[in-house]
Amino acid sequence: MIRNDWTFEYRSDELAGAAEKKLAYHRERLAFWQAKRTEVMDRIRAEGLELDEKIAVGYSNPKARDWQRGNQVMVRNDLQKDLDECLEKLEWHTRQRDEYDAWHQVLSCQHERAQQLDHQDWLFFFGRA
């Protein structure tokens, strides 16, 4: 298929501008997810902990001496999922921010030098997030 061999010519400064837009997007998303993580952590501290207390610990019998398994502190499952999502998004946007920052640095030094982009390259710089 011939379209797999197509290339598109762009000046390095155009690509640097595109990388800068992607960089700004990922910085904004990082700020959003950092704030969301703080919000979830505050909720966990305020309301997310549950204490599971074994009934047997309250009675006088051999099991009442089972202090190792008598109580368990748990984070509410919904808040744990929210926290996991925040951490996953933070990791992904941090990687993307670093990659676009590196490309922005490289391409900013090339000025008007022409670069050949294939389909994947074009999507990397200009595709929708």
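For clarity, every value in this text was computed on a predicted model and none was experimentally measured.

Novice: What is the right way to read the pattern of salt bridges from this model?
Specialist: If the charged atoms of two oppositely charged side chains come close together, the side chains can form a pair. Counted according to the given criterion, the structure contains 9 salt bridges. A salt bridge links Glu28 to Arg29; the shortest N-O distance between them is 3.5 Å. When the shortest N-O distance is used, the salt bridge between Arg43 and Glu47 registers 3.8 Å. On the criterion of helical spacing, the pair formed by Arg43 and Glu47 is a turn pair, its members being 4 residues apart in helix α1 (residues 12-48). A relative accessible area of 29% places Arg43 in the partly exposed class. It is possible to trace a salt-bridge network through shared partners that takes in Arg43, Glu47, Arg76 and Asp78.

Novice: Hey, could you run me through the packing of α1 against helix α2 (residues 77-108) in this one?
Specialist: Two packed helices can be described by the angle between their axes and the distance between those axes. Orientation of α1 relative to α2, taken along the N-to-C sense of each, is 160°, at an axis distance of 7 Å. As far as their axial angle goes, α2 and α1 are roughly antiparallel. Where α1 crosses over α2, the two elements pack in a sense that is left-handed. Broken down by class, the residue content of the contact of α1 with α2 amounts to 19 nonpolar, 9 polar and 13 charged.

Novice: Looking at this model, I keep getting lost on the environment of Leu83. Mind explaining?
Specialist: One can find Leu83 in helix α2. Separated by 47 residues in the primary sequence, Leu83 and Lys36 place their C-alpha atoms 8.6 Å from one another. When neighbours within four sequence positions are excluded, Leu83 is seen to be in contact with Arg37, Val40, Met41 and Ile44.

Novice: In this structure, what is going on with the packing of aromatic side chains? I would like to understand it.
Specialist: To describe a pair of aromatic rings, you give the distance between the ring centres and the angle between the ring planes. Scanning the entire structure with this criterion turns up 6 aromatic pairs. Taking 6.0 Å as the distance between ring centres and 85° as the angle between the ring planes, the aromatic pair formed by Trp103 and Phe125 counts as edge-to-face. With Trp103 in helix α2 and Phe125 in helix α3 (residues 119-126), this pair connects stretches of sequence that are 22 residues apart. Residue Trp103 is classed as partly exposed on the basis of its relative accessible area of 37%. Ring geometry for Trp122 and Phe126: centres 5.5 Å apart, planes at 35°, overall tilted. Here the residue Trp122 and the residue Phe126 both occupy positions in helix α3, the gap between them amounting to 4 residues, near one helical turn. On the accessibility criterion, Phe126 (30% relative accessible area) is partly exposed. Three or more aromatic residues link up through ring pairs in this structure, and these residues are Tyr100, Trp103, Phe124 and Phe125. When the ring centre of Phe32 is taken as reference, the NZ or CZ atom of Arg29 above it lies at 4.5 Å.

Novice: Explain the environment of Asp78 to me, please; I cannot follow it from the model alone.
Specialist: Mapping Asp78 onto the fold places it in helix α2. Taking relative accessible area as the criterion, Asp78 reaches 36% and is therefore assigned partly exposed. Asp78 sits 34 residues away from Ile44 along the chain, and the two C-alpha atoms are 10.0 Å apart. Within the structure, Asp78 has its side chain in polar contact with the side chain of Arg76 (distance 2.7 Å).

Novice: Just checking my understanding: could you explain unusual backbone geometry for this structure?
Specialist: Note: most peptide bonds trans; most residues except glycine with negative phi. With a phi angle near 55°, His111 is a residue other than glycine that sits in the positive phi range. Mapped onto the secondary structure, His111 falls in the loop between α2 and β4 (114-117).

About the thresholds
- Residues numbered from 1 in each chain as written.
- Predicted model: local features only at pLDDT ≥ 70, side-chain atom pairs only at ≥ 80, totals over all residues.
- Heavy atoms only, no water.
- Salt bridge = Lys/Arg side-chain N within 4 Å of Asp/Glu carboxyl O.
- Helix = DSSP H or I, 4+ residues; strand = E, 2+ residues; numbered from the N terminus.
- Buried < 20%, exposed > 50% of the residue type's maximum accessible area, 1.4 Å probe, protein only.
- Axes fitted to C-alpha atoms, helices over the stretch in contact; angles between N-to-C directions.
- Parallel < 35°, antiparallel > 145°, perpendicular 65-115°, else oblique.
- Left-handed = near helix turned anticlockwise from the far one by under 90°.
- Nonpolar A, V, L, I, M, F, W, Y, C, P; charged D, E, K, R; others polar.
- Contact = heavy atoms within 4.5 Å.
- Phe/Tyr/Trp six-rings, centres within 6.5 Å; stacked < 30°, edge-to-face > 60°.
- Lys NZ or Arg CZ within 6 Å of the ring centre and 35° of its normal.
- Polar contact = N/O pair within 3.5 Å; in protein donor to acceptor, adjacent residues only side chain to side chain.

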